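# Coordinate analysis (summary)
Chain by chain, the residues:
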Amino acid sequence: MNSLAAQSEPTQEPAFPIPAGVFAERVTAVRHYTDTLFSFRITRPQSFRFRTGEFVMIGLPNAEKPVFRAYSIASPSWDEELEFFSIKVPNGPLTEHLQKIAVGDTVLMRKKSTGTLVLDALIPGKRLFLFSTGTGIAPFAGVVRDPETYEKFDQVILTQTCRSQAELRYGRDLVENARSDELMSEFIGDRLLFHTSATREGETRGHRITTLIENGQLFEALEIPPLDPATDRAMICGSMAMLKDTEKLLDARGFEEGANNKPGTYVVERAFVD
């Protein structure tokens, strides 16, 4: 089920006072992709600065002490609004309520962004691999729409693995819109490759991204050479199991994890949403 909320609904007043030291921003759009996935956009504070790929703490003004959770910013740093891509957890302290937001509602956001999925944490290379599962594609939604990415890399390879084809819709829309965007198409050209896999459906049934890397099917499908630490860099964002397995795979191939204070050949995001 797809639905994009209209952007003319009245603003709903928060039920509780806005805590000190946080931004209170208005929801400008909401789209539900499946029963478990949705995206939303909020206004961007004029003073808020972030690096593409970072995350920020999000909450709702529905309690005296609101619950905050880490959310990757799916917007590139130049965007005038902030986009987020979220799962729906029935009893999640935050997502149980966040999934019900509508245009005009208020979302709280702490003022500092951080994270390791930034270009500064990688040493120079020729190809950039962005490995994601589920909502782990969120930070890469910003990375593939940032001109700086294409200034630093000759080719960008985005992968997303989900359980079903329906759960891949956000990523497919993202890439299609980025390629056709008047501004970004000039930077992207044919340099952005996108590979999707649904572990419970179709040809990739049962195949996780690590399997597709190890058996070479990923590279065959995209008609590109296998991973090479001499030229390739990687970012990883997804489930705990996926992070661990992909890290092992990269380590075995001679890649070294990087950080903001010590750039390397790959980086991992370790912040999660409930």
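Provided above is the structure to which this section pertains.
## Observations concerning the side chain of Asp-79
Mapped onto the fold, Asp-79 is located in the loop between strand 5 (69-72) and strand 6 (81-87). Contact partners of Asp-79, with chain neighbours within four places excluded, come to Arg-41 and Arg-44.

## Overview of unusual backbone geometry
The phi torsion of most residues other than glycine is negative, and most of the peptide bonds are trans. The phi angle at Glu-223 is positive, at roughly 55 degrees, despite the residue not being glycine. The class of Glu-223 is exposed, set by a relative accessible area of 72%.

## Quick look at the layout of surface pockets
Taken as a whole, the largest pocket holds about 690 Å³ of empty space. For the lining of the largest pocket, the elements supplying multiple residues, two or more each, are strand 5, strand 6, helix 2 (138-143), strand 9 (155-162), helix 6 (209-214) and helix 8 (240-252). Partitioned by chemical class, the residues of the lining of the largest pocket number 15 nonpolar, 13 polar and four charged. Of the pockets and cavities examined, the second largest pocket occupies roughly 500 Å³. Every residue lining the second largest pocket is counted, 20 residues in all, and those nearest its centre are Arg-41, Glu-83, Arg-145, Leu-174 and Asn-177. Listed by contribution, the elements that provide at least two residues to the lining of the second largest pocket are strand 2 (22-32), strand 3 (37-43) and helix 4 (169-180). Broken down by element, the lining of the second largest pocket gets its largest block of residues, five residues, from helix 4.

## A closer look at the nonpolar core
Leu-128, Leu-130, Phe-140, Val-144, Leu-158, Leu-192 and Met-235 are the most contacted members of the largest nonpolar core, which has 32 residues in total. Counting only elements with at least two residues in this core, the list comes to strand 8 (127-133), helix 2, strand 9, helix 4, helix 5 (184-188), strand 10 (192-198) and strand 11 (232-237). Leave out the neighbours within four places in its chain, and Leu-130 touches Phe-140, Val-143, Val-144, Val-156, Ile-157, Leu-158, Thr-159 and Met-235. Counting 21 residues, the second-largest nonpolar core is a separate cluster that includes Ile-209, Phe-219, Leu-243 and Leu-249.

## Some remarks on the packing of aromatic side chains
The geometry of an aromatic ring pair comes down to the distance between the two centres and the angle between the two planes. Counted under the stated rule, the structure contains eleven aromatic pairs. Ring centres of Tyr-33 and Tyr-170 lie 5.7 Å apart, and the angle between their planes is 85 degrees; on these two criteria the pair is classed as edge-to-face. Taken together, the residues span a long stretch of sequence, with Tyr-33 in the loop between strand 2 and strand 3 and Tyr-170 in helix 4 at a distance of 137 residues. Since its relative accessible area comes to 8%, Tyr-33 is described here as buried. Under the relative-accessibility criterion, Tyr-170 is labelled buried at 4%. When the ring of Phe-38 is compared with that of Phe-40, the centres are 5.8 Å apart and the planes differ by 20 degrees; the resulting orientation is stacked. Each member of the aromatic cluster is reached from another via a ring pair, and the members are Phe-38, Phe-40, Tyr-71 and Phe-84. Directly above the aromatic system of Phe-68 lies the positively charged group of Arg-110, at a separation of 4.2 Å from the ring centroid.

## Points about the pairing of strand 4 (residues 55-59)
With respect to burial, strand 4 is a largely interior element, four of its five residues being buried. Where strand 4 lies against strand 5, four bridges are found, and the strand directions are antiparallel. Looking across to strand 5, one finds that Met-57 is bridged to Ala-70. The pairing of strand 4 with strand 7 (residues 106-110) spans two bridges and is antiparallel. Following the sheet pairing, Gly-59 is matched in strand 7 by Leu-108.

## Focus: helix 8
Counted at 1.5 Å a residue, the expected span for helix 8 with its 13 residues is 18 Å, and the 19 Å between its end C-alpha atoms agrees. If you check which residues of helix 8 are buried, you get Met-242, Leu-243, Thr-246, Glu-247, Leu-249 and Leu-250. End-on, the buried residues of helix 8 take up no more than an arc of 165 degrees, which puts them together on one face. What points out from helix 8, more than 90 degrees from its buried face, is the exposed set Met-240, Lys-248 and Ala-252. On its buried face, helix 8 is in contact with strand 8, helix 6, strand 11 and strand 12 (266-268). Gly-254 occupies a position one or two residues after helix 8 and carries a positive phi of about 95 degrees.

## A look at the sheet that holds strand 10
Pairing in this open sheet of five strands is parallel, and the strands run 10-9-8-11-12 from one edge to the other. Across the chains shown, the open sheet's two edge strands, defined by having one partner strand only, are strand 10 and strand 12. Neighbour-to-neighbour, the strand axes of this sheet turn through a mean angle of 10 degrees, independent of strand direction. As paired elements, strand 11 and strand 12 share three bridges and run parallel to each other.

Rules of the game
Residues numbered from 1 in each chain as written. Predicted model: local features only at pLDDT ≥ 70, side-chain atom pairs only at ≥ 80, totals over all residues. Heavy atoms only, no water. Helix = DSSP H or I, 4+ residues; strand = E, 2+ residues; numbered from the N terminus. Contact = heavy atoms within 4.5 Å. Buried < 20%, exposed > 50% of the residue type's maximum accessible area, 1.4 Å probe, protein only. 1 Å grid on protein atoms, 1.4 Å probe; cavity = no way out; pocket = protein on both sides within 12 Å on 5 of 7 lines; lining within 4 Å. Points joined across faces, edges and corners; volume = space filled by probe spheres on them. Nonpolar A, V, L, I, M, F, W, Y, C, P; charged D, E, K, R; others polar. Core = buried A, V, L, I, M, F, W, Y, C linked by side-chain atoms within 4.5 Å. Phe/Tyr/Trp six-rings, centres within 6.5 Å; stacked < 30°, edge-to-face > 60°. Lys NZ or Arg CZ within 6 Å of the ring centre and 35° of its normal. Pairing = 2+ DSSP bridges. Expected span 1.5 Å × (residues − 1). Arc of directions from axis to C-beta. Axes fitted to C-alpha atoms, helices over the stretch in contact; angles between N-to-C directions.

Purely geometric numbers; function is a separate question.
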